[in-house]
Amino acid sequence: MKDESEIIITLPDGSQRNYPKGVTAMQIALSISEGLARNVIAAKVGNEVWDPGRAIEENSLVKLLTWNDTDGKATFWHSSAHLLAEALEALYPGVKFGTGPSLERGFYYDVDLGEHSISQDDFPKIEAKMLELARQKNEYVRQPIGKEEAIAYFKEKGDEYKLELLDGLEDGSITLYQQGNFTDLCKGPHIPNTGIIKAIKLTNIAGAYWRNKQENKMLTRIYGITFPKQKELDEHLALMEEAKKRDHRRLGKDLELFAFSEKVGQGLPLWLPKGAMLRERLESFLRKAQTRAGYLPVVTPHIGSKELYVTSGHWDKYGKDSFQPIKTPNIGEEYLLKPMNCPHHCEIYKTSPRSYKDLPIRFAEFGTVYRYEQSGELHGLTRVRGFTQDDAHIFCRPDQVKSEFLKVIDLVLYVFNSLGFDDYSAQISLRDPENKQKYIGADSDWEKAETAIIEAAAEKGLETVTELGEAAFYGPKLDFMVRDALGRKWQLGTIQVDYQLPQRFQLEYTGSDNQKHRPVMIHRAPFGSMERFIAILIENTAGQFPLWLSPDQIAILPISEKYAEYAEEVFFQLQDHDIRGFVDHRDEKIGRKIRDAEVTKVPFMIIVGEKEMEEGKISIRRKGEGDLGSLTIAEFADFFKKEAKV
RNA sequence: GCCGUUGUAGCUCAGGGGUAGAGCACUUCCUUGGUAAGGAAGAGGUCAGGGGUUCAAAUCCCCUCAAUGGCUCCA
């Protein structure tokens, strides 16, 4: 006979134990080992994360969470946000609170400071207060509360933001959490007490619209990060410093890849010779892959008649927020800087009648487009106002959509793999079902397109996340997202299924039935844009590009000017083997020349002096590795060719 | 676009109401050196731009521009 007052707790390893009803995760941990109990900061009960001190009433699967679990960290940081709030309330009486969630790395709290204002200079003071409160080891106490009562509490406190949040909550599901003198509306969970927060760093301060809506008031958002050990905070800060060194804006300047000029204009990058070199190599790499995959190159102008974009719908959708029309001496004649290549490609499609036998047709172009991005959005090369898409449009029959889509996925993955981009996520970007007026086209087309994407991604075994509201206005997308050095997410490759533009442009083909049919369009860009892709490439490689992409692959370093002539000769011979580089003719010692080649990340150094000249050889030194010994030019060229393979 | 921060030599930065500083880079000279910085001298700035306060502004205030951290947006 089962004891009614006991419940069965199943642990992740499958083992089961009996505990009295109402047992807490902390008690379970204690029953296993004291060491474990010290480290437990939350628990996963079934599918929910719970406070370790919350009573478990039913048979459950329980996973004890520590700092090493993602959910454990999230709980830790969420509790840290409450600690920040407590400190702010103590230091700035009357402050009102928005929301304070955990992030992937750290947490923030949005606050309305009222009369007060704070800046980064106040961080030490706030951090000190947080530490002081942490040391009090105040417990996080969960208090279920009725809605009426909660409303009364926050009315009394005068916090209209919490009242607004309460408005959307259902009676019976509301809880408050209290630690020390601070009480917050919060569904939890939280760590046992503030004492385990040992290391605190507030990182930055920014404005953020209440509830992320532009029409709302702007609150002050304070970001921070905390750790259970000071050492971990130190390590984190050191890691951030390292990440900053990989910032493409820093490296772009150091390695002379690109620049910006106030005089040229905001968000309009200038490609310097080394950057242009890199870019050209990437372009020819993709051109080659695209030729193999049956793409046909096309070229279109940088401007197009406004009518073109009225037809495509771009003018209607983005017209007022883009670069404004270019006028001609003729009255009423207007042109737009090209914001997208697709309308031009549609017109190319229309230059001749198409048969079902011709399809799919794949037009590819490195097309430079101009978009008036909001000034606050511009960011290095990742968000600019003039950029080049590795664009192509596939016009195909409806029955070809899926196979074409699959081929494009292959191409994108080939590009990513070739460049060592293994840390990406595939995102299916669908329409926001709540906000359908943001998009053009019939529901049935959208459904077909969305189904095609979902099926194709599944067929390729891609691990995807789905985001509602992220679709383009004419169709859903499969986006390949990557992170930059500082952890921000960017869209690189994108594949989009589009039923709208073929209709707007009245695109047709003649079917086997001798009837007119409408093709489907697939927009795709494996890099996304050359600018953004290169930005991420710079950060991923920390400027140490694969050999085949390096702007300078070799630096020829004569020991002294006596060997200048031999160095030149070696240079020309290596050039004949398609090896790029330069001779360092400066009047410097070899140590200096090596150092400079090392810091500018040249993959190979060729050292030539008395010995080499006599033997007709060259000494090879590899960046970061050192002397590789001497070879003949032909030997080196062979070795190099193998190394430089994509 | 919004909230905040920043803007001093080519770069990285110090200074902070009383005639502008360092290191690196650059130029010249010396040095001809064998695997991560040889030495010396020199040149270089309307202190982002404009307006104001002041006997005096790079420094304080306002505006503009740009960069930057976020938010919003992102075809």
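Residues numbered from 1 in each chain as written. Chains lettered and ligands numbered in written order. Predicted model: local features only at pLDDT ≥ 70, side-chain atom pairs only at ≥ 80, totals over all residues. Heavy atoms only, no water.

**Some thoughts on the packing of helix α9 (residues 273-292) against helix α16 (residues 530-541)**
Running from N to C, α9 and α16 cross one another at 110°; their axes reach a closest spacing of 11 Å. When the interaxial angle is binned, α9 and α16 end up roughly perpendicular. Residues Leu-278, Arg-279, Leu-282 and Glu-283 of α9 form the contact with α16, whose own contacting residues are Met-530, Glu-531, Phe-533, Ile-534 and Leu-537. When the residues that make up the contact of α9 with α16 are grouped by side-chain class, the tally is 6 nonpolar, no polar and 3 charged. (Axes fitted to C-alpha atoms, helices over the stretch in contact; angles between N-to-C directions. Helix = DSSP H or I, 4+ residues; strand = E, 2+ residues; numbered from the N terminus. Parallel < 35°, antiparallel > 145°, perpendicular 65-115°, else oblique. Contact = heavy atoms within 4.5 Å. Nonpolar A, V, L, I, M, F, W, Y, C, P; charged D, E, K, R; others polar.)

**Side note on the UniProt feature "domain: Aminoacyl-transfer RNA synthetases class-II family profile" (unreviewed entry) in chain A**
The sites that UniProt annotates as "domain: Aminoacyl-transfer RNA synthetases class-II family profile" (unreviewed entry) are residues 234-558. Annotation note: span residues 234-558, helix share 34%, strand share 25%, distance between end C-alpha atoms 44 Å. (UniProt positions renumbered as here; feature names shortened; annotations may be inferred.)

**Here we look at α16**
With 12 residues, α16 extends 16 Å from end C-alpha to end C-alpha; this agrees with the ideal 16 Å at 1.5 Å per step. Along α16, 11 of the 12 residues are buried, which leaves the element largely enclosed by surrounding structure. Met-530, Glu-531, Arg-532, Phe-533, Ile-534, Ala-535, Ile-536, Leu-537, Ile-538, Glu-539 and Thr-541 are the residues of α16 that are buried. Phi for Ala-542, located one or two positions after α16, is positive at around 55°. (Expected span 1.5 Å × (residues − 1). Buried < 20%, exposed > 50% of the residue type's maximum accessible area, 1.4 Å probe, protein only.)

**Some words on the state of the cysteines**
Disulfide: a covalent bond formed between the sulfur atoms of two cysteine residues. Overall, the coordinates contain 0 disulfides when judged by the stated rule. Sulfur of Cys-342: no disulfide; nearest cysteine sulfur belongs to Cys-346 and is 6.5 Å away. Unpaired in this structure, Cys-396 has its nearest cysteine sulfur neighbour in Cys-346, at a distance of 13 Å. For Cys-396, a relative accessible area of 0% puts it in the buried group. (Disulfide = S-S within 2.5 Å.)

**Comments concerning the packing of aromatic side chains**
Throughout the structure, instances matching the rule amount to 32 aromatic pairs. Seen in terms of ring centroids, Phe-571 and Phe-572 are 5.5 Å apart; in terms of plane orientation they differ by 55°. Their pairing is tilted. Among the residues examined, Phe-571 registers a relative accessible area of 12% and is labelled buried. The partly exposed category is assigned to Phe-572, whose relative accessible area is 47%. Here Phe-604 and Phe-636 contribute two aromatic rings whose centre-to-centre distance is 5.7 Å and whose plane-to-plane angle is 85°, an arrangement assigned as edge-to-face. Separated by 32 residues along the polypeptide, Phe-604 in strand β33 (residues 604-608) and Phe-636 in helix α20 (residues 633-643) bring together distant segments of the chain. Of the two residues examined, Phe-604 and Phe-636, each falls in the buried class. In textbook terms, an aromatic cluster arises when at least three aromatic residues are bridged by ring pairs, as seen for Phe-416, Phe-421, Tyr-424, Phe-480, Phe-527 and Phe-533. (Phe/Tyr/Trp six-rings, centres within 6.5 Å; stacked < 30°, edge-to-face > 60°.)

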